[in-house]
Amino acid sequence: MRKVAKVAVVAGSLVVGCLTAGSVVARDAGASDEQALAPTRHGPSRSIEQRVDRLLARMTTQEKLQQVQLLSDGQITDADAKAGVGGVFSLTDPAKIDHYQRIAMTQSRLHIPILFAYDTIHGYRTIFPVPLGAASSFDPDVARTDAQIGARESATVGIKQIYSPMVDVSHDPRWGRIVEGNGEDPYLGSVMAAARVKGAQGNDYSRPDRAVTSVKHFVGYGEPEGGRDYGTTDMSEQRLRNLYLPPFKAAIEAGADTVMCSFNAINGVPGCANRYTETEILKKEWGFDGFIESDYTAVAETRVCPPKTPDEGSCGHGTAADGPEAGANALMAGTDSEMVSTYLRDYGKQLLADGRISRKRLDDAVRRILRVKFRAGLFENPYVDQAKATDPASFLTPADRRAARTAAARSMVLLQNKGRTLPLDPAKKTAVIGPLADNQHDLLGAWWGRGEDADAVSVLKGITDGSSATTTYAQGCALSNEEPPDYDPADDCPSDAGFAKAVAAANDADQVVLALGETREMSGEAASRSRIDLPGRQQELIDAIAATGKPFVVVLFNGRPLTLSEVVGSAPAVLEAWFPGVEGGNAVADVVFGKVNPGGKLPVSFPQRLGQVPIYYNHEPTGRPCDVTQKYTSRYRDLRSCDPLFPFGFGLSYTSFTVSDLTLSKTTVSRRGSVVASVKVTNTGSVAGDDVAQVYLRDPVASISQPVRRLRGFERVTLRPGQSTTVRFTLDASDFGFYDNRGRFVVEPGTIQVYAGDDSTATLSRTFRVTR
Ligand code: BGC
């Protein structure tokens, strides 16, 4: 399944061709997973290339400059469609989409269809759990199903491109957009990225229920300094390649045909004017033949702000003197399509005449855009089936809802369950309490597409429907849904005035479900936080409920890791539900009442305190590793621990598991060979449940310091009480090699340590040797 394209030996190390290193391969995951994750990138089709060439040959310069223009729903006019504009995003009214498409197809000179795009991030109308939640499932099927339904619903209204998956690895929970990605790990991120691409595109995105994916944000957008969105990033070559690029590569190999370049600058160069990442790596090294669109005004943002008017338009990075230069830099760096700003369209002719952009590069950009349009089948089927697009039965079908419910339950992570508080008894009286209890709006999370609050099943509704006894409700306090600049954190759960009612409801019930966390506005774009604890007085609400002595669970809704030390100190049970989507309340009831045994695992470390950030499991070692009994070690003076509160890969279950019998198929492997690690997982408890077998590698002696461990395989398994299964992971050069600081993938001879378990602190270990 995995092909090694190019292999060369450099200075005693094996250097593996870039299209293979870091590939995503299913781990004995069964036929369906193997098919779903196997690379599917098709080579160029001769007939499409001929059609592109013929069309390109007929285009005028101005028509080419129109093709590289991407306009928003608020910008597009009939005149743009008639002039042959390339793309439009955020338009979702099928009648309008059809309207502009008809103009493009009948009134523009060359009848080139418009590519319509939308941010279908975790659902179009059927809203699934936020991607960070889906990543917690450690189940690519969850991501795949989400993308498949999202693409189908989008394509139904005429949207043939979705701005997903977002695959930015991040170590910073302050950053609000951590919610949109897969957390801190490049391997998990790669598996989920490939699953989303396959889910949305299938093998052929021209099909009426498919859409082409745009993988974003290229690249390094997940590590803005201080966690402040859009902020700058500075990183080594090896980090870029080992941590941040792999999920993009996995998405491209899975067939993603479009990429969105990022707002931020990396090493001083803005993402959308970055020749090294866009052209050298993505297009040349990886052979990407689709197109790159800029992020929203990201081209304009590369120019310096005009004096005295810093707020005029979009500006700031200061790598271009003015708009035309910004357009020229972006195009020549490799950006093929300009979103919102219109410098190429407006100044392209002059830029060509001045020699600041080349005809060759413009033609290449247009060629790429046309290629994707042909592959999307837009020339054959440009129009929207209005009957279908306006039929409510096309969206949020009962089957889609069932899939969303399954996905949400599989995404939940049980963080604590003292004294077996969970599952609660559905035959007992339950009080549902908290600002997120009788709440539909927040459950959808950031980027809710065309999801409607009214579609969402609240926790109160889910628990009421899932219980055979009486369910009562008290809000306790409210959170603010205002957006900056009107948002005031002092308005979040500001007073204890409602606590007495909540306590009375708890006292009057047998058990309590306390629904707490963040609003959906608190994460997502432009939603970084300077603290990551429970907003407002929610902790006091927990303490008030704890004082009643009633069994209770805190169900958390949030888009980032939170600091939960106090929460786990006072709540017997804590369930991380993320923002679970349209079926959230039902899924919470399924888990809380034990219909579903939670099996999700954290895709990101949860710090004890914000000051530990960035804290992630796959960090490099130091000469003075943290030791709280020693002063001169890598530690915090005011923290008597070296660890996060919850490590990457962690999650409990209503049953117990052991992971044992780690064996390797061989103890010596050549650099071109592979070794199979097998591990036995046993359900040692009394109910059926899911565990996630995880395998980590460490290269303890290497030419550059290697992470203390790196996830290289996982498999979620379902086991009956007493049942065991053996999970096998095939490990080869793409697993035990790494990128060096010259951007080469090297496989060095020496010992590799293998760790297996069901979280990133796994201690079961074996070693093998990689020979020359
Ligand atoms: C976001 C992108 C998004 C684009 C279009 C930008 O602000 O960064 O993720 O795809 O808007 O909506």
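Predicted model, so just to flag it, every value in this text is computed and none were measured.

Conventions we followed
- Residues numbered from 1 in each chain as written.
- Predicted model: local features only at pLDDT ≥ 70, side-chain atom pairs only at ≥ 80, totals over all residues.
- Heavy atoms only, no water.
- Salt bridge = Lys/Arg side-chain N within 4 Å of Asp/Glu carboxyl O.
- UniProt positions renumbered as here; feature names shortened; annotations may be inferred.
- Helix = DSSP H or I, 4+ residues; strand = E, 2+ residues; numbered from the N terminus.
- Near = heavy atom within 4 Å.
- Polar contact = N/O pair within 3.5 Å; in protein donor to acceptor, adjacent residues only side chain to side chain.
- Areas by Shrake-Rupley, 256 points an atom, 1.4 Å probe, with all protein chains shown as cover.
- Nonpolar A, V, L, I, M, F, W, Y, C, P; charged D, E, K, R; others polar.
- Domains from an automatic or database assignment.
- Contact = heavy atoms within 4.5 Å.
- Buried area = accessible area lost by both parts, 1.4 Å probe.
- Buried < 20%, exposed > 50% of the residue type's maximum accessible area, 1.4 Å probe, protein only.
- Pairing = 2+ DSSP bridges.

Colleague: I would appreciate a short explanation of the pattern of salt bridges in the present structure.
Modeller: In total, this model carries 50 salt bridges according to the counting rule given. When salt bridges that share partners are traced, they join Lys-283, Asp-336, Arg-361, Asp-364 and Arg-368 into one network.

Colleague: How do you make sense of the UniProt feature "domain: Fibronectin type III-like" (unreviewed entry) in the protein when you look at a structure like this?
Modeller: Here, UniProt's "domain: Fibronectin type III-like" (unreviewed entry) annotation points to residues 691–760. Taken as a whole, residues 691–760 contains 6% helix and 57% strand, while its terminal C-alpha atoms sit 13 Å from one another.

Colleague: Help me understand the site of the ligand, please; the structure alone is not making it clear to me.
Modeller: Residues in contact with the ligand, as listed here, are Phe-89, Asp-119, Tyr-163, Arg-177, Lys-216, His-217, Met-260, Phe-263, Asp-295, Tyr-296, Trp-447 and Glu-525. At 2.4 Å from an oxygen atom of the ligand is found a side-chain nitrogen or oxygen belonging to Asp-119. Between His-217 and the ligand, the recorded distance is 2.7 Å, taken from a side-chain N or O atom to an oxygen atom. When isolated, the ligand has an accessible area of 310 Å², and the protein chains bury 94% of it. Residue classes in the shell around the ligand are distributed as six nonpolar, one polar and five charged.

Colleague: What is the right way to read the domain arrangement of the protein from this model?
Modeller: A common way to report how large an interface is uses the accessible area buried once the components associate. Under the domain assignment, the protein is made up of domain 1 (5–19 + 655–771), domain 2 (49–385) and domain 3 (400–603). Placing a centre on the C-alpha atoms of domain 1 and another on those of domain 2 gives a separation of 34 Å. Taken together, the contacts link 15 residues of domain 1 with 17 residues of domain 2. Between domain 1 and domain 2, roughly 1500 Å² of surface is buried when both sides are summed, and carbon and sulfur atoms account for 61% of that area. Joining domain 1 to domain 2, the criterion identifies zero salt bridges. Across the domain 1-domain 2 interface, the total number found is three residue pairs in polar contact (both at pLDDT 80 or more).

Colleague: Any chance you could explain the pairing of strand S5 (residues 115–118) here in plain terms?
Modeller: Side-chain alternation along S5 places Leu-115 and Ala-117 on one buried face and Phe-116 and Tyr-118 on a second face that is also buried. As defined by bridge partners, strand S4 (residues 87–89) adjoins S5 across three bridges and the pair is classed as parallel. Looking at the pairing, Phe-89 lines up with Ala-117 of S5. Pairing of S5 with strand S6 (residues 161–162) involves two bridges; the strand directions are parallel. Following the sheet pairing, Ala-117 is matched in S6 by Gln-161.

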